[in-house]
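Each chain is listed here by its residues.
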Amino acid sequence: MLEIKPIFHALCRSKVGAILLLIQIAITTAIVSNAAFIIQDRVSYLSQETGYPEQDIFVFNVMMFGKDVSPSQQYELDEAMLRQIPGVVDAAYSSNTPLSGSGSSSDFSLKPAPEESKSARTSYMFIDEHGINTYGVKLIAGRNYTEDEVIVTDNYDELSKVTVVTKTLLDELFPDGNGLGQTVYFGDIPMKIIGVIDLMKGPWLKDSRPDNVALLPFIKPGTNARFVVRTEPGQRQSVMNRVEEAMLKNYNKRVISRIRGLDDDKESYMAEDTLMMRMLIVLITILVLVTALGIFGLTLFNISKRTKQIGTRRALGARKSAIISYFLVENAMICIVGLVIGVIAAVYLGQLLMQHFSIAQLDISYVLATALAVFVMSLLAVLAPAKRAANISPSIATRTI
Amino acid sequence: MLTMNNISKVYQTDMVQTHALRDFNLQVEEGEFIAVTGPSGSGKTTFLNIAGMLEPFSEGQYMLDGIDVGKLNDNQRADLRNQKIGFIFQGFNLIPDLNLYENIEVPLRYRGIKAAERKRRIEQCLEQVGLASRAKHLPQQLSGGQQQRVAIARALAGEPRFLLADEPTGNLDSLMARQVMELLEQINRDGATIIMVTHDPELARRAPRNIQVVDGQLADFTLYQGTQNLKAAGV
């Protein structure tokens, strides 16, 4: 039997505790739903597909101080040596590392600069013909460039004449789907699109165009270089352990540094987001716990304040279940008002966050799911004290407290 | 109507066993008005609690309206309390956040009585105790005597077979105590069976039957009757 009307009247007559609780519930709902939405947004950002088998790829830097060899020849020898190491699938010279937050980008246009034409912001990477295989990305149309098409030079006088681009870039520049074989311009330099890669993220996952990537067959060897190596699954660590020794054995007047997995680079790049996400998780956990404790505490307080009243109700014929339902209904009524205010506040807070921190628009399903979760949590928090109240002996009614 | 046979109540702690009631025997007939007296700690309240099924007894048999109370579970006892017994407490035990109407409504709601019938009974009972105009007032807006009358109205609303009153005038001044006592007498004349625990010998004397509890046992329930007989004989 639900005593909604008398409970409502009783609450109206002593409302301070109830108002404090409903404010707490409203604040929790508003903050938790927004935080949960941001967390989900970060989780999908952090766990997005990049196109790379990140666990199998590692990168390292080389700084040559010896002047008795030609860097370009040495790097070719190094690449050949790296590919011979057991467990290595492929290795390549790479101008920069994807997912690391550091790289190069430019507008790729349909007409040579300075002519006005359609263009797309693109990150590009200089890499030889082993690049596609080394990065483990999937070529879905056209072909890879050949060794002859790779330009090895000490200056930028001559640039690649061909390029392999991601499907996203191709679709942006050629929405009609006829991009393969067309020419795009890197500044005023024409390049023919000879191949299309399915998915390959650039260096900046937070960029407005993280999927626009172009691979250019161009190498400008200097004293500093970066190599990327892909291993068989599970072999990466053992190859990483051996790579410095193998490189120095090949030529020892140089320093091998920063041997790290592709996922390590990505993790460093995403560290801030990971931290924010963890802090938000801690925040909402604490908030929910504090609210649950608040409800638990207030109910315990109410019970100790109303011990005699509960005993009297029992004496007047209330079953234990009626006492439990009394506290559950009372809490549910406070909670529902708090949730209604909380839902409105959540939507408002979501709009503020969207305006000031360029966060995506809050999905109302998060607010409703949070409201439901807070409601269930509040009922659970009140259940144990309510059971305790139900066990108060009716004989308390005849005692003088 | 109410029969207690060899009822015992033992409170057990780690170290001590306290016998609150021992071999307590009592028979109450319909329409009686019984005053229960006895010194503090004699077991009066324990007797009242057991009679009102507010606490279980340790041994013996308690029959209420032909029902063996010892065989009932908690829910059945709650239902039986609700249907057969009206309580009047020393401290009134009105719920401070509910107005008079809602206070009287409490036991009726537990019985599942429909709203229209509840309204009829509440208005009738408030009328009976002379507080019909104050239904929307909160208990703290009333005097002690008025609050006890509300408590009596609450006890009457369920149309119980028994009224159990625990020091009903204990918190009232003598004028109010007299008014409440007159109300109880009126209710008894109307047919309700009343068992009243009291410290006050004045009040006890007004009840047609007196029983005394001493050391957890019924000491002398013919005392009052005996006195009356002596008076009648001119002694």
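Scroll up a little and you will see the structure.
Since we're looking at a predicted model, the values are computed, not measured.

It is worth spelling out the sheet that holds strand S2 (residues 17–28) of chain B at this point. Strand pairs in the sheet, formed through backbone hydrogen bonds, run parallel or antiparallel to each other. Residue and element names in this part refer to chain B. The strand order across the open sheet built from four strands is S2-S1-S4-S5, with neighbouring strands paired in antiparallel fashion. In this open sheet, the two edge strands, each paired with only one partner strand, are S2 and strand S5 (67–68). As paired strands, strand S4 (residues 59–64) and S5 are joined by two bridges and run antiparallel to one another. Across the sheet, Met63 pairs through a bridge with Asp68, a residue of S5.

All names here are of chain B. The end-to-end C-alpha distance of helix H5 (residues 144–157), which contains 14 residues, comes to 20 Å, matching closely the 20 Å that a straight helix rising 1.5 Å per residue would cover. Counting buried positions along H5 gives 13 out of 14 residues, so the element sits mostly inside the fold. Looking at the residues trailing H5, positive phi occurs at Glu159, about 45 degrees.

The partner chain A presents 25 residues to the 29 residues of chain B that form the contact. Counting only elements with at least two residues in the side of chain B that touches chain A, the list comes to helix H1 (44–51), helix H2 (74–84) and helix H3 (100–110) of chain B.

Residues and elements named next belong to chain A. At a minimum axis separation of 10 Å, helix H3 (residues 71–84) and helix H6 (residues 236–250) run at an interaxial angle of 140 degrees. Classed by the angle they form, the pair H3 and H6 counts as oblique. Crossing hand, H3 versus H6: right-handed. Listed contacts from H6 to Leu77, Asp78 and Met81 of H3 are Ala246, Met247 and Asn250.

This next bit is on the packing of H3 of chain B against helix H4 (residues 115–128) of chain B. All names here are of chain B. In the contact formed by H3 and H4, the axes pass within 10 Å of each other and the chain directions differ by 120 degrees. By the angle between their axes, H3 is oblique relative to H4. Crossing of H3 over H4 shows right-handed handedness. Here H3 contributes Leu100, Tyr101, Ile104, Glu105 and Leu108 to the contact with H4, which in turn contributes Arg118, Arg121, Ile122, Cys125 and Leu126. Considering only residue class, the contact of H3 with H4 consists of seven nonpolar, no polar and three charged.

Calculation criteria
- Residues numbered from 1 in each chain as written.
- Chains lettered and ligands numbered in written order.
- Predicted model: local features only at pLDDT ≥ 70, side-chain atom pairs only at ≥ 80, totals over all residues.
- Pairing = 2+ DSSP bridges.
- Helix = DSSP H or I, 4+ residues; strand = E, 2+ residues; numbered from the N terminus.
- Expected span 1.5 Å × (residues − 1).
- Buried ≥ 20, exposed ≤ 12 C-beta atoms within 10 Å, placed from the backbone.
- Contact = placed C-beta atoms within 7 Å.
- Axes fitted to C-alpha atoms, helices over the stretch in contact; angles between N-to-C directions.
- Parallel < 35°, antiparallel > 145°, perpendicular 65-115°, else oblique.
- Left-handed = near helix turned anticlockwise from the far one by under 90°.
- Nonpolar A, V, L, I, M, F, W, Y, C, P; charged D, E, K, R; others polar.

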